[in-house]
Amino acid sequence: MNATDRTPADLLRSALAADPGRPLVTFYDDATGERVELSVATFANWVAKTANLLQGDLGAEPGDRLALLLPAHWQSAVWLLACASVGVVAEVGGDPAGADLVVSGPDTLAQAAACSGERVALALRPLGGRFPQPPEGFADYAVEVPGQGDRFAPFVPVDPEGPGLVVGGEELSWARLTARAREDAAELGLGEGSRVLTGLGYDDWRGLAAGLYAPLAAGGSVVLCRNLDRLPQDALAQRVESERVTHRL
């Protein structure tokens, strides 16, 4: 990664330039049996489409607040990087009533309805599937995102010192977030080619760092596991071997 990278979007651009074909996010849901692997290029394409949806169709601007009501999931990681690309502040588990926009999974729709701004819902179904019946008052992400452009350019350059992420009651600028991701990567001993398996949630910094930001900052990748407690130990050992995991968190 480049030492001059100051935002998560910068880190992703550097990863794309270095090796677009390598895995970046491998996602398992051990409640459904789902497995999805996204290369750097595929992940970046999802981020670009989502950022175009966010900036264009939803009218989001730098500094706007987005309540992110999603679990640890590959689509959650996409939204976090899309927010970084536009400059929208991602408030993980934030209060929809005080947010400009809300992005919700299927289990938090009633809570998300308190947002008076744009509302987006994700079904979190295998292969990014849509809702069988679109939730009233919400745009279905799986319907809206495929037609978005594959390249993204912000209308306004993102200020690295501007507010970026709110998690666990702490607000981080994009620059501080990126620096902290590098620090965590160093503490964990991550480097290029490191492969981190994590079952941690995205509701605190530790889970976000392990499940996205630290591997990205180090030039590594993540095996992100949802409902990992349902996986027997022998199956977990097989996964660690088959996915060539170097670090477990």
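Located above this text is the structure these notes cover.
Quick caveat: nothing in here was measured; it's all calculated off a predicted structure.

Thresholds, definitions, all that
- Residues numbered from 1 in each chain as written.
- Predicted model: local features only at pLDDT ≥ 70, side-chain atom pairs only at ≥ 80, totals over all residues.
- Heavy atoms only, no water.
- 1 Å grid on protein atoms, 1.4 Å probe; cavity = no way out; pocket = protein on both sides within 12 Å on 5 of 7 lines; lining within 4 Å.
- Points joined across faces, edges and corners; volume = space filled by probe spheres on them.
- Helix = DSSP H or I, 4+ residues; strand = E, 2+ residues; numbered from the N terminus.
- Core = buried A, V, L, I, M, F, W, Y, C linked by side-chain atoms within 4.5 Å.
- Buried < 20%, exposed > 50% of the residue type's maximum accessible area, 1.4 Å probe, protein only.
- Contact = heavy atoms within 4.5 Å.

K.L.:
How should empty space enclosed by the protein be read in this particular structure?
P.N.:
Once rolled over the atoms, a probe with the size of a water molecule shows which space is left empty. For the structure shown, the criterion picks out one cavity of 30 Å³ or more. Roughly 30 Å³ of internal volume is contained in the largest cavity. Taken together, L24, V25, L212, P215, L216 and V222 make up the lining of the largest cavity. Of all elements in the fold, only β1 (23-29) and α7 (205-218) reach the threshold of two or more residues within the lining of the largest cavity. Here the element with the most residues in the lining of the largest cavity is α7; it accounts for three residues.

K.L.:
Looking at this model, I keep getting lost on the nonpolar core. Mind explaining?
P.N.:
Grouped burial of nonpolar side chains is what soluble globular proteins tend to show. F43, L54, L66, W79, L80, L165 and Y213 are the most contacted members of the largest nonpolar core, which has 57 residues in total. Here the element with the most residues in this core is helix α3 (residues 74-86); it accounts for 10 residues. In this structure, L165 is in contact with L80, V89, A90, V92, E170, E171, L172, L177, W205, L208 and Y213, ignoring residues within four places of it in sequence. One finds V102, L109, A123 and F131 within the second-largest nonpolar core, a separate group that totals 11 residues.

Function cannot be inferred from these measures alone, as they are strictly geometric.
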